[in-house]
Amino acid sequence: MSTNTERARSQGRLAAFRSLAADTRFKALSVDVFDTLLLRKPISQRRRRWDLARHLAERVRESHPQLGLRPQHFAYARQQCETLWFKSAEAYGAEDEVRLVDVLRQQAAMLGLPAAFAEEMRQVELALELRYLRPNRALAALLEQQAAAGRRTVAISDTILSGADVEWLLEQMFGRLPVHTVYSSADHAKSKRAGGLFALVAEKEGLRPDEFLHTGDDGLADRERAEDAGYAARELPRPWHFTARRRANGLGQAMRDTVRTSGPMSKAARQRLESACRSKWDFGHAVLGPLFWEYSSLASLYLTNSSKRKKSVALFCARGGLLMKAVLERQLQNRGETLPLSLESFMISRLTATRLAIGKRPEAVINELSREFEDTTVREAVIAIAGRPIELSESWDEPVTRSSMTAFLSGPDGQRLQAAIAPQNALCNRHIDECIGDAERVVLVDTGLFGTVLYMLQIGRPDVSWELLHLAKANYKNLPAPHFGKVTGLWVQGSEYSPVNHRSSILRYWQLIESIFEPDLQTVRAYERGGDRVTSNLQEEGWEEKASSFADPFLAGAIAYLDEAKDAQPGEIMDAMDEAWSAYSKAVRFPDARMRQLLALEPRSRDFGRQSLVEEETITLSRTGRLKQIRESLWHSGSAVSYFPRTYAVLQAGMEFYHVVRWARGQLVK
């Protein structure tokens, strides 16, 4: 389609909207702002944010040179703060819009800037916005013509900008305000995309929804949602060539960002990795320390955001969440900070959460159970779930499959299982109520990846507003994940390793991170009454000391870094983070024999009510057998060193090439 043809179509859509606006049944015209009343130039948001970061860095270089802040630091802080605000709003479920002023306050705090600097950042951002906008004078003329005829005209925008900021932009672009009123989602905590903002506007204007005619560029927010709300609506999309140019601009900036953040290792990163090879403590200090600083910083942001509107509580899930809680509390102590919600130790496990789900909706757990127990019989799975043998009417010696578990759970023996676990479920429910108290928003905190505990708790306790904070979020099980909208990954949000994102390399050897955060404590299998509160089998004598102990050498080194870095400048910390992620990525993707030995794991428990262990690797002699063992191992790149000590580098290069091709194919599909 030619540019002239597309321009003619756009003019035709506007003419159709003008003709429809003449209909006397409409008493108000409403329009979207960005890409409708204010037309953006084909500059991507990624590029706009980088330009903003450069301008802010130049200002700070003069006013606060001691902070050592560069454009990449501003870009990183803005991305993290804004992303966590949006993820928190999404997880909350109810309409809860993000405001620029909140994002900028947190960004300033993360960068060590005074709170007052957030206002200067806002002014700079608005001034730069003018460079990327041009006025839609034809639409503005139509609005003013209708206003002169006695109709109300309003602008409705889903944006983090306040209504006052949007009005300022409109006045600067047009020399006047071309509508009577501006409604911003940031001001009203309701959005067009969710539909609530349309209803609010109608109420505020004192008109019925069917008395509004709305237009905008977004087919979902400006047409479908407007019509759902009772408005008459017409879509005014931007031309295809504009969208293509903006995407190309974004791709170019993404490539530049990738070279800057995920390119070849810098000299400082190589030195960091070399120093990490000496011992587990050194690896923890040089590599994991900056990563744990990032976890603590981002977790603090998210938990603070979660307390914005409702009383909240953070429940750190046994076992890995207990040491995550200890690390966060240590960092808060180092920085002299507190959080606006309580941090509680939560005695839960996949096993006990699954029992709750079975007690409420057994059919909803079949996918998880058939995957978890695929190498056992139904009877063995039932014993593991119940925690003891129970009397069944049949032998149930067939292998666990979806059909066999469906037959079991829907029959009389399924009811026997429910009766057997009912007393434990009652105690688990009481423990949940004790931990939550009167909080209205409950944030689970755990290591990662799939969030089985959250999924099961949503089924077993649907009365609670659950959400989950993970270090990494990934659907490695390839199962339906309806709970994922409530899961936030601090380090990783995608389900696969990306060669252009160093952080995603933790998915190449996730068990390392998971094992570091696991204290020497039992998994939660059973509850009992312990005085005024319910306790679990994990809470043996001395459990609190173990749950806050940094005896593990990896962890001890990381904590030493946090203690030493408490007075470091933000720019120095962020540089260390970049170097550490680069070093970590190289260590797990291309380990040599020394790194392979350093990062090797002991056999790990399978959990879920079973005592068996998972070996990282087993010894086999044939070449075919060794290749199979590498594929089945927890750490593919590390196992290549063990099984092929002379040619492992070739295998590691082949693994990386496979992941690059897989990633590239995924990008093409998108």
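Throughout, a residue's number is its position along its own chain's written sequence, starting from 1. Reporting in this predicted model follows two pLDDT cut-offs: at least 70 for local features of residues, and 80 or more for side-chain atom pairs to be given and counted; totals over whole chains, interfaces and linings ignore these cut-offs and use all residues. Excluded from the side-chain calculations are hydrogens and water; all other atoms, namely the structure's heavy atoms, are used.

Student: Which residues make up the overall build of the protein, and what are the values?
Tutor: We count a stretch as a helix when DSSP gives it H or I for four or more residues in a row; a strand needs E for two or more, and each element gets its number in order from the N terminus. Looking only at helices and strands, the protein has 28 helices and 16 strands in total. A compact globule built from 670 residues would reach a C-alpha radius of gyration of about 26 Å, and the protein, at 28 Å, matches this within 12%. Dimensions of the protein, computed from the C-alpha atoms along their principal axes, are close to 80 × 65 × 50 Å. Buried residues in the protein amount to 55% of all 670 residues. Pairs at least 24 residues apart make up 73% of the contacts formed inside the protein by residues separated by at least 6 positions. Carbon and sulfur atoms make up 49% of the accessible area of the protein, which amounts to about 29,100 Å² in all. Side chains of the protein carry 91 positive and 85 negative charges; the gap between the two charge centres is 6 Å. Here the globule rule reads 2.2 Å times residues to the power 0.38, and the radius of gyration is calculated from C-alpha atoms. Here the term buried applies to any residue with accessible area under 20% of the maximum for its type, exposed to any over 50%, and partly exposed to those in between, with areas from a 1.4 Å probe on protein chains only. In what follows, a contact means two residues having at least one pair of non-hydrogen atoms within 4.5 Å. Here the accessible surface of atoms and residues is derived via Shrake-Rupley with a 1.4 Å probe, and residues count as covered only by protein chains that are part of the display. Here Asp and Glu are counted as negative and Lys and Arg as positive; His is not counted, and neither are the chain ends. Here the site of a charge means NZ on Lys, CZ on Arg, CG on Asp, or CD on Glu.

Student: How would you explain the pattern of salt bridges if you had to name every residue and give the values?
Tutor: By definition, a salt bridge exists where a carboxyl oxygen of Asp or Glu is found within 4 Å of a side-chain nitrogen of Lys or Arg. Tallying each qualifying case throughout the model produces 50 salt bridges. Lys310 is the partner of Glu440 in a salt bridge, and the nearest nitrogen-oxygen pair spans 3.6 Å. Taken together, the residues span a long stretch of sequence, with Glu440 in the loop between helix 19 (412-436) and strand 10 (441-446) and Lys310 in the loop between helix 13 (280-306) and strand 8 (312-317) at a distance of 130 residues.

Student: Describe the pairing of strand 5 (residues 181-184), naming the residues involved and giving the relevant values.
Tutor: Looking at chain direction, strand 4 (residues 152-157) and strand 5 are connected through four bridges and run parallel. Note that in strand 5 the partner of Val154 across the bridge is Thr181. DSSP-based pairing: two strands are paired if at least 2 bridges between them are found.

Student: An account of the environment of Ala565 is needed here, citing residue identities and associated values.
Tutor: Topologically, Ala565 is positioned in the loop between helix 23 (553-564) and helix 24 (570-589). By relative accessible area, Ala565 is classed as buried at 7%. Sequence-wise, Ala565 and Trp293 are 272 residues apart; in three dimensions their C-alpha atoms are separated by 8.9 Å.

Student: Any details on the packing of helix 14 (residues 320-335) against helix 23? Residues and values, ideally.
Tutor: In contact at an axis separation of 10 Å, helix 14 and helix 23 are set at 20° when each is read in the N-to-C sense. Looking at the two axes, helix 14 sits roughly parallel to helix 23. Viewed along their axes, helix 14 and helix 23 form a crossing whose handedness is right-handed. Mapping the contact onto sequence places Leu323, Val327, Arg330, Gln331 and Asn334 in helix 14 and Leu555, Ile559, Leu562 and Asp563 in helix 23. Residue composition of the contact of helix 14 with helix 23, grouped by class: five nonpolar, two polar and two charged. To get an axis, fit a line to the C-alpha atoms, keeping to the stretch in contact for a helix; angles then go from 0 to 180 degrees between the N-to-C directions. For classification, angles of less than 35 degrees are called roughly parallel, those exceeding 145 degrees roughly antiparallel, those between 65 and 115 degrees roughly perpendicular, and all remaining angles oblique. Each crossing is labelled by how the near helix is turned from the far one, with a counterclockwise turn of less than a right angle marking it left-handed and a clockwise turn marking it right-handed. Under the scheme applied here, ten amino acids are nonpolar (Ala, Val, Leu, Ile, Met, Phe, Trp, Tyr, Cys and Pro), four are charged (Asp, Glu, Lys and Arg), and all others, including Gly, are polar.

Student: Any details on the pairing of strand 8? Residues and values, ideally.
Tutor: Taken across its six residues, strand 8 has six buried, putting it largely inside the fold. Residues Ser312, Ala314 and Phe316 of strand 8 are buried on one face, and the alternating residues Val313, Leu315 and Cys317, pointing to the opposite face, are buried as well. Of the pairings in the sheet, the one linking strand 8 to strand 10 comprises five bridges and is parallel in character. Bridge pairing links Ser312 to Arg441 in strand 10. Examined bridge by bridge, strand 8 and strand 9 (residues 342-346) share five bridges and lie parallel to one another. For Phe316, the partnering residue across the bridge sits in strand 9 and is Ser345. Orienting the strands away from the viewer, one traces the path from the first strand over the helix to the second; a clockwise path indicates a right-handed crossover. Regarding the hand of the β-α-β motif, the stretch spanning strand 8, helix 14 and strand 9 is right-handed.

As far as function goes, none of this settles anything; it's purely spatial.
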